[in-house]
Amino acid sequence: MSAPIAPAARAPQTPLARVASDFVANPVAVFGAALFLFILLLAVFAPLISPQNPYDLAQLDVMDSRLEPGSKAPGGGTFWLGTDDQGRDMLSAIFYGLRISLGVGAASTLFALCIGLTLGLTAAYFGGRVETLIMRIVDIQLSFPAILIALILIAVLGQGIGKVIAALVTIQWAYYARTVRSAAMVEKRREYIEAARCLALSPARIVFRHLLPNCLPPLIVVATVQVAAAIALEATLSFLGLGLPITEPSLGLLIANGYQYLLSGKYWISFFPGIALLCTIVSINLVADQLRDVLNPRLSR
């Protein structure tokens, strides 16, 4: 009798494939990722799919202000989500507002990540007075509420997308510096770092080729959460009238424009931008929550 043929051994999964398979195992996280991808596509292709350019004053007519959802436009078409007090089509304004919110969140996160990553790695690798100085600055900044720092900076710098991004970067870099420093302190004591030092490798190569890749998992989680935090903070500043100019309304400013009409029954001016902002933040947080569990096996459920 011939011996049974053993089944072929399954090829080991790469780290990226393992993370992807563990991520899609959670249907809630997959829903959050799909929702965020849909919102991202709406924002990217807003100029192509929007019925109106809400930033072009020549296309606005005050006679179309505060029309109910489903109202017919004088020139043809339908205001599916109604119009605001400036005559802007709410659907178009939300699409363009998503562009600003996502753009500000991504840009501020990227710049803050670069600054915090550099300072956190520097503090962990060199230690001593350098670490003490950097981490005391981080502690001082994190002791103040983020909204307070943002209000002060916007009051000094003024309005505009660039000014808002600068304020958010100033607020966020400390979170990355503390996260990277904590992860790097653990990795710095491992054998492969000692081996790299014994081989007389340069500090830059040790940090960026060996230390940094092993500090990325917690950093990815923090960066994902901070994107949502940056979007929420930008919306808060715009709601208070300190963020972007009224000619380029973000979701926060759109909500603020309809706040005074809530009690008069014109709910749609604030309601629909608020739903769009809520869906954006919730979708990012769902993805971040699953990434935290996937990238840290000790937290897996």
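See the structure shown above.
Here's a quick rundown of the structure. In this text, all values refer to a predicted model and were calculated from it rather than measured experimentally. (Residues numbered from 1 in each chain as written. Predicted model: local features only at pLDDT ≥ 70, side-chain atom pairs only at ≥ 80, totals over all residues. Heavy atoms only, no water.)

Helix and strand counts for the protein chain come out as twelve helices and two strands. Listing each helix as α and each strand as β along the protein chain from the N terminus yields α-α-α-β-β-α-α-α-α-α-α-α-α-α. Compactness check: the protein chain gives a C-alpha radius of gyration of 24 Å against a globular reference of 19 Å for 301 residues, more than 25% above the reference. With respect to the principal axes defined by its C-alpha atoms, the protein chain has extents near 75 × 75 × 30 Å. Buried positions account for 42% of the 301 residues belonging to the protein chain. Put simply, of all contacts in the protein chain between residues at least 6 apart along the chain, 69% involve residues at least 24 apart. When the accessible area of the protein chain is evaluated, it comes to approximately 16,100 Å², of which 68% is carbon and sulfur surface. Between the averaged position of the 21 positive side-chain charges in the protein chain and that of its 17 negative side-chain charges there is a distance of 13 Å. (Helix = DSSP H or I, 4+ residues; strand = E, 2+ residues; numbered from the N terminus. Rg over C-alpha atoms; globule rule 2.2 N^0.38 Å. Buried < 20%, exposed > 50% of the residue type's maximum accessible area, 1.4 Å probe, protein only. Contact = heavy atoms within 4.5 Å. Areas by Shrake-Rupley, 256 points an atom, 1.4 Å probe, with all protein chains shown as cover. Lys, Arg positive; Asp, Glu negative; His and termini not counted. Charge placed at Lys NZ, Arg CZ, Asp CG, Glu CD.)

Another aspect to go through is empty space enclosed by the protein. Where empty space is left in the structure can be found by rolling a water-sized probe over the atoms. Inspection of the entire model under this criterion finds one cavity of 30 Å³ or more. Space inside the largest cavity adds up to approximately 40 Å³. In terms of lining, the largest cavity is formed by Q141, L142, F144, P145, A146, I149, I171 and Y175. Contributions of two or more residues to the lining of the largest cavity are made by α5 (128-142), α6 (146-157) and α7 (161-188). (1 Å grid on protein atoms, 1.4 Å probe; cavity = no way out; pocket = protein on both sides within 12 Å on 5 of 7 lines; lining within 4 Å. Points joined across faces, edges and corners; volume = space filled by probe spheres on them.)

Attention now moves to the packing of aromatic side chains. What the rule picks out here adds up to seven aromatic pairs. Centre to centre, the rings of Y267 and W268 are 5.6 Å apart; their planes meet at 85°, and the pair counts as edge-to-face. Among the residues examined, Y267 registers a relative accessible area of 42% and is labelled partly exposed. A centroid spacing of 6.1 Å and a plane angle of 70° characterise the contact between Y267 and F271, whose relative ring orientation is edge-to-face. For F271, a relative accessible area of 43% translates into the label partly exposed. Aromatic ring contacts, followed pair by pair, group Y267, W268, F271 and F272 into a single cluster. (Phe/Tyr/Trp six-rings, centres within 6.5 Å; stacked < 30°, edge-to-face > 60°.)

As a further point, take the packing of helix α4 (residues 90-126) against α5. One can describe the packing of α4 onto α5 by two numbers: an axis separation of 7 Å at closest approach and a directional angle of 145°. Along this stretch, α4 crosses α5, giving a crossing that reads as left-handed. Residues L119, T122, A123 and F126 of α4 touch α5, and the partners they reach there are G128, V130, E131, I134 and M135. Considered class by class, the residues forming the contact of α4 with α5 number six nonpolar, two polar and one charged. (Axes fitted to C-alpha atoms, helices over the stretch in contact; angles between N-to-C directions. Left-handed = near helix turned anticlockwise from the far one by under 90°. Nonpolar A, V, L, I, M, F, W, Y, C, P; charged D, E, K, R; others polar.)

The next point concerns helix α9 (residues 203-211). For α9, the set of buried residues is I206, V207 and L211. Seen from one end, α9 has its buried residues packed into an arc of 95°, which puts them on one side. For α9, the exposed residues lying more than 90 degrees away from the buried face are F208 and R209. Buried residues along α9 sit in contact with α4, α7 and α8 (191-198). (Arc of directions from axis to C-beta.)

As a further point, take the nonpolar core. Formed by 42 residues in total, the largest nonpolar core has its most connected members in L121, V138 and L211. Looking at this core, the elements with two or more residues in it are α4, α5, α6, α7, α8, α9 and α10 (216-239). Among the elements that take part in this core, α7 stands out by supplying 14 residues, more than any other. Every residue in contact with L211, bar those within four places of it in the chain, is listed here: L121, Y125, A184, E187, K188, I193 and I206. Among the nonpolar cores identified, the runner-up in size contains 22 residues, and I39, L98, A235 and L277 belong to it. (Core = buried A, V, L, I, M, F, W, Y, C linked by side-chain atoms within 4.5 Å.)

The next subject is the environment of Y175. You can see Y175 is positioned in helix α7. In sequence terms Y175 and L117 are 58 residues apart; their C-alpha atoms lie 9.6 Å from each other. The residues touching Y175, leaving out its near neighbours within four places in the chain, are L142 and Q226.

Nothing here speaks to function; it is geometry throughout.
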